[in-house]
Amino acid sequence: MDLILVNLIDGLVTGLLLFMLSAGLTLIFSMMGVLNFAHASFYMLGAYFAYQISTYLGFWMGLLIAPPLVGIVGAAVERYGLRRVHQYGHVPELIFTFGLALLIEELVKFIWGNDQIPYQIPEILEGAAFSISSYDIPAYKVFMIFLSLGIFAGLLFVMTRTRVGMIIQAALSYPRTVEALGHNVPLVFMGVFGVGTALAGVAGVIAGPVLSTFPGMAFVLGSIVFVTIVIGGLGSLGGALVAALIIGWLTTFAKAYNIRMEDILTSLGFTKPEPVWDSAWADLWTLTSPQIADILPYLLMILILVFRPYGLFGKRDV
Amino acid sequence: MQSLDKTQTRLEGGVSMKTAMPWIVSAVMLVLMPFIFQSNSAITIMNQMAITIVFALSYNMLLGQGGMLSFGHAVYMGVGGFVCVHVMNWDIFGSIPLPLLPLLGGIFGMILASLVGYFSTRKAGTVFAMISLGVGELIAACSVIIVVFFGGEEGVSGDRTYGMPFFGVEFLSQIEVYYLTAGWLLISALLMYLFSRTPIGRMANAVRDNPERAEFLGYSSRWVRYNSFVAAGFFAGIAGGLFAINYEILTEENLNLTTSGSILLVTFLGGVGVFFGPVVGAIVFTLLQTVLSLETEIWSLYVGALFVATVMFFPSGLAGVMQMHIVPIKLGKWRLLVMPYIVTLVPAIVCILGLSGLIEVLFHARHAAIGETEMTLFWVTFQHTEIWPWVVFALMAALGFWLARKNAPQLMEAWHKANTPDGADT
């Protein structure tokens, strides 16, 4: 029972982190109709910027300064790159962001080198916050949960309760009309792109110390973020939250409980071939759930796309 | 209906000297290449190039002709290759002539594509891209789980020389493999070209441009896409078989997103709008890869920058840029362009060299072993602690940029003039 609770918390941390990335991505998608392949690269930039700032000013200043910096880079990419490619259509846009992801990874390698950098959690958050029977829950995880929840509360407030949020929502559905009313829609687009990438930057700042900061970190998380928003339904914020939590818990539980194929097959009445490594079915017999934990999201995505192409909560056809 | 028939007869209009000429020339070139470049490394590069060309052409069946952006095309090449390597390890291999092996790879690539295509070709665009990414990642991740087939981390290796001798040839040397690869390259390129000329290939173009209208004409856009997808899987499998014969080993690397991404890069760099675009892309990319990776550690940074610049400024790729010059040449006005090109492009190249010089010095200053300050760039050896290399490169970049910018309007004007027929610009 205690172990379940611990895993629930672990999965929640992963899920909220995924949601912070996919929220920006899905917002950008519903606004411009372009899937930003480089979104996870901005997450990586967040971690690296924060590390660089933290070497001079400490972790907290990094948390404060790095996300706006990432947002500015993102806005510049929209203004000078994406807007130019937009005229060629959606597929070149996707290819552009793919190239951008490659370029950012190479730039990061160029500036900070190929190796992992020593980006640490601040001293004050080291150690355990509380413990569930014998399992310690690190203070940093609690901090991550509260920070991401706080950001979503803020985002929700801005989107639904303020004038800026109204304009953004209106521009999502009727850009032409909003433009005719005198609002600068390209500026709104640029702002949303900037905020979306800044959110990815925040995720990078807080995830960098625990998931390790290295040039491949965007690559590791990048495709999972896509999977998240496809499962949730492209353009749906609520769907992204549900999908992120499902993926977080699914992978955490698959890793925590060692469910072995051998046990399942034996209980179904099959006999284990001896010696197993000579059998053609060796891989099936030796399969365990931690092994396949990382491919479960992809499997889920394919199933969703086959049976419900709109995703869990998606309304529109993509 | 009558007009449709007419266009079809025009399209199928038989083999003329004009349409056959490029193929004859390339066949002769392929035969002669090993006599021009005789070194072993050159033949290795040419083998690599030929395999990349087949793969890139098959990729362009999706992206260029069908409008489907795939992030998982490496999977079909990889699976075809893995099957071929496994066949190499079986006893039955002794009775199969090696040149037929790629066909087997192609068939298995096609089988996999026909399974995946069943659900992935329902839509083009973003959904297709996402499914291809998911399937690609799934199969790449499976390679460490299904060890029996994919061989885990170390991959599967074989030996091509166990095959049945083919007219006495046992494929011991690189040059024999080259002719096998070149033969398959020619056959598959020709088949892919002919495919793009068949009604179904033409419909793929129609569906790419306007699926709705194609549906109104009575074609199921999904099945048209499905056919292109399966055909592309077949040729990717052939490329995989050639890869297996050439390298005799396949690993997880042949399946993952990096390989899928780099074939997108190659194809787009060459140009997706023209049939021979991917060929240009594969040749240029392989050369860039070999030459640059010998010269500099950060060659992939340059390739990435080149790719992004291509997408932003020349979305039709290298072949597209070449094609843009057909009009001035036909009008006989290409001479107008020579001088403006020289005065604009030379400073631009100087600017790029200066920038890359700065990047190299900076990289060396940041990442070289401590105490190692000496470096060689553009055949000059200097210390990165000195000030003059920085100044020289910065000056090169600034001056080149200024001159190129100053002369660019001249080029634009000349370009406009060269593209206007006489009499039209009065």
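All values reported here derive from a predicted model rather than from experimental measurement. (Residues numbered from 1 in each chain as written. Chains lettered and ligands numbered in written order. Predicted model: local features only at pLDDT ≥ 70, side-chain atom pairs only at ≥ 80, totals over all residues.)

Enquirer: Provide a residue-level description of the overall build of chain B, including the pertinent values.
Expert: When helices and strands are tallied, chain B shows 18 helices and four strands. Relative to a compact globule of 426 residues, whose C-alpha radius of gyration would be 22 Å, chain B shows 24 Å and is just as compact. Expressed along its principal axes, the backbone C-alpha trace of chain B runs to roughly 70 × 65 × 45 Å. Scored against the burial criterion, the 426 residues of chain B give a buried share of 41%. Relative to all contacts within chain B whose residues are 6 or more apart in sequence, the contacts with residues 24 or more apart total 79%. (Helix = DSSP H or I, 4+ residues; strand = E, 2+ residues; numbered from the N terminus. Rg over C-alpha atoms; globule rule 2.2 N^0.38 Å. Buried ≥ 20, exposed ≤ 12 C-beta atoms within 10 Å, placed from the backbone. Contact = placed C-beta atoms within 7 Å.)

Enquirer: Mind laying out the overall build of chain A, listing which residues take part and the relevant values?
Expert: Scanning chain A for helices and strands turns up 14 helices and two strands. Taking 2.2 N^0.38 as the reference for a compact globule, 318 residues should give roughly 20 Å; the C-alpha atoms of chain A span a radius of gyration of 21 Å, in line with that estimate. If one aligns the C-alpha atoms of chain A with their principal axes, the spans along those axes are about 75 × 50 × 40 Å. Among the 318 residues that make up chain A, the fraction classed as buried is 44%.

Enquirer: Got a sec to walk through the interface of chain A and chain B? Specific residues and values, please.
Expert: Of the residues lining the interface, 40 residues belong to chain A; the matching set on chain B comes to 36 residues. Residue assignment for the side of chain A that touches chain B shows that the elements contributing at least two residues are helix H3 (59-85), helix H4 (90-112), helix H9 (217-232), helix H12 (282-285), helix H13 (289-292) and helix H14 (296-307) of chain A. Per-element tally for the side of chain A that touches chain B: the top contributor is H4(A), with 14 residues. Looking at the side of chain A that touches chain B residue by residue, the classes come out as 30 nonpolar, six polar and four charged. (Nonpolar A, V, L, I, M, F, W, Y, C, P; charged D, E, K, R; others polar.)

Enquirer: Before we move on, can you summarise the confidence of the model for chain A with the specific residues and values?
Expert: Mean pLDDT over chain A works out to 84, with 96% of the residues at or above the 70 mark. Element-level mean pLDDT values for chain A span from 71 in H12(A) up to 91 in helix H2 (residues 39-57) of chain A. (pLDDT = per-residue confidence, 0-100.)

Enquirer: Before we move on, can you summarise helix H5 (residues 101-120) of chain B with the specific residues and values?
Expert: Helix length check: H5(B), at 20 residues, gives a terminal C-alpha distance of 28 Å against a target of 28 Å (1.5 Å per residue), a fit within 8%. Maximal helix bending in H5(B) amounts to about 25 degrees, located at Ser114(B). (Expected span 1.5 Å × (residues − 1). Bend = angle between axes of the 7 residues up to and from the residue.)

Enquirer: Help me get a handle on the domain arrangement of chain B, residues and values and all.
Expert: Here the domain parsing of chain B yields domain 1 (16-320) and domain 2 (326-418). Each of domain 1 of chain B and domain 2 of chain B has a C-alpha centre, and the two are 34 Å apart. (Domains from an automatic or database assignment.)

Enquirer: Quick rundown of unusual backbone geometry? Include the residues and the values.
Expert: In the Ramachandran plot, Ser212(A) falls in the positive-phi region, its phi being about 70 degrees despite a non-glycine side chain. In this fold, Ser212(A) is placed in the loop between helix H8 (185-211) and H9. Residue Ser212(A) is classed as partly exposed on the basis of its C-beta count, with 15 C-beta atoms lying within 10 Å. Phi at Glu248(B) takes a positive value of approximately 60 degrees, unusual for a residue other than glycine.

Enquirer: Pulling in residues and values, what's your account of the environment of Thr385(B)?
Expert: Residues and elements named next belong to chain B. Summarising the element assignment, threonine 385 is placed in the loop between strand S4 (380-383) and helix H18 (388-418). On the basis of neighbour counts, which here come to 9 C-beta atoms within 10 Å, the residue threonine 385 falls in the exposed class. Residues threonine 385 and alanine 232, spaced 153 residues apart in sequence, show a C-alpha to C-alpha distance of 53 Å.

Enquirer: Let's hear about the domain arrangement of chain A: which residues, and what values?
Expert: Here chain A is partitioned into domain 1 (2-257 + 299-307) and domain 2 (259-287). For domain 1 of chain A versus domain 2 of chain A, the separation of C-alpha centres amounts to 40 Å.

Enquirer: Talk me through the pairing of strand S3 (residues 374-377) of chain B; I want residue IDs and the actual numbers.
Expert: Residues and elements named next belong to chain B. Sheet topology note: the S3/S4 ladder contains four bridges and is antiparallel. Note that in S4 the partner of glutamate 374 across the bridge is glutamine 383. Counting the residues that bridge the hairpin from S3 to S4 gives two residues, and of these phenylalanine 378 lies at a positive phi of roughly 50 degrees. (Pairing = 2+ DSSP bridges.)

Enquirer: Could you give an account of the packing of helix H1 (residues 2-32) of chain A against H2(A), with specific residues and numbers?
Expert: Residues and elements named next belong to chain A. Orientation of H1 relative to H2, taken along the N-to-C sense of each, is 130 degrees, at an axis distance of 10 Å. Between H1 and H2, the crossing angle belongs to the class labelled oblique. Of the two elements, H1 crosses H2, and the hand of that crossing is right-handed. For the pair formed by H1 and H2, the contact residues are Leu21, Gly24 and Leu25 on the first element and His39, Ala40 and Tyr43 on the second. When its residues are assigned to classes, the contact of H1 with H2 shows four nonpolar, two polar and no charged. (Axes fitted to C-alpha atoms, helices over the stretch in contact; angles between N-to-C directions. Parallel < 35°, antiparallel > 145°, perpendicular 65-115°, else oblique. Left-handed = near helix turned anticlockwise from the far one by under 90°.)

Enquirer: Please give an account of the confidence of the model for chain B that cites residues and values.
Expert: Regions with low pLDDT carry predicted coordinates that are not meant to be interpreted in detail. Residue and element names in this part refer to chain B. Of the residues in chain B, 94% reach a pLDDT of 70 or more, and the chain-wide mean stands at 83. Of all the helices and strands in chain B, helix H1 (residues 2-11) carries the lowest mean pLDDT, 45, while helix H11 (residues 221-247) carries the highest, 92. For the stretch residues 1-12, pLDDT sits under 50, and the model shows one contact to residues farther than four places along the chain or on other chains. With pTM at 0.85, the complex prediction returns an ipTM value of 0.83.

Enquirer: How would you summarise helix H17 (residues 335-367) of chain B if you had to cite specific residues and measurements?
Expert: Taking 1.5 Å as the rise per residue, H17(B) with 33 residues should run 48 Å; its terminal C-alpha atoms sit 47 Å apart, in good agreement. A bend of about 35 degrees at Tyr341(B) is the largest found in H17(B). In this structure, the buried residues of H17(B) make contact with H4 of chain A together with helix H14 (299-313), S3 and H18 of chain B.

Enquirer: Give a description of the nonpolar core that names residues and reports values.
Expert: Note that soluble globular proteins tend to have their nonpolar side chains buried in a common cluster. If you look at the biggest cluster of nonpolar residues, it comprises 179 residues, and the most contacted ones within it are Leu21(A), Ala203(A), Val54(B), Phe235(B) and Ala239(B). Sorting elements by how many residues they give to this core places H1(A) first, with 15 residues. Ignoring any residue separated from it by four or fewer positions in sequence, one finds Leu21(A) in contact with His39(A), Ala40(A), Tyr43(A), Ala200(A), Ala203(A), Leu221(A) and Val225(A). (Core = buried A, V, L, I, M, F, W, Y, C linked by C-beta atoms within 7 Å.)

Enquirer: Before we move on, could you go through the environment of Phe149(B) and cite the residues and values that matter?
Expert: All names here are of chain B. Structurally, phenylalanine 149 can be placed in helix H7 (residues 147-150). Given 15 C-beta atoms within a 10 Å radius, phenylalanine 149 is considered partly exposed. On a C-alpha basis, the gap between phenylalanine 149 and arginine 160 in space is 18 Å, while along the polypeptide they are eleven residues apart.

Enquirer: Can you lay out the environment of Phe226(A) for me, pointing to particular residues and giving the numbers?
Expert: Here Phe226(A) shows up in helix H9. For Phe226(A), a count of 28 C-beta atoms within 10 Å translates into the label buried. Not counting chain neighbours up to four residues away, the residues in contact with Phe226(A) comprise Met130(B) and Leu133(B).

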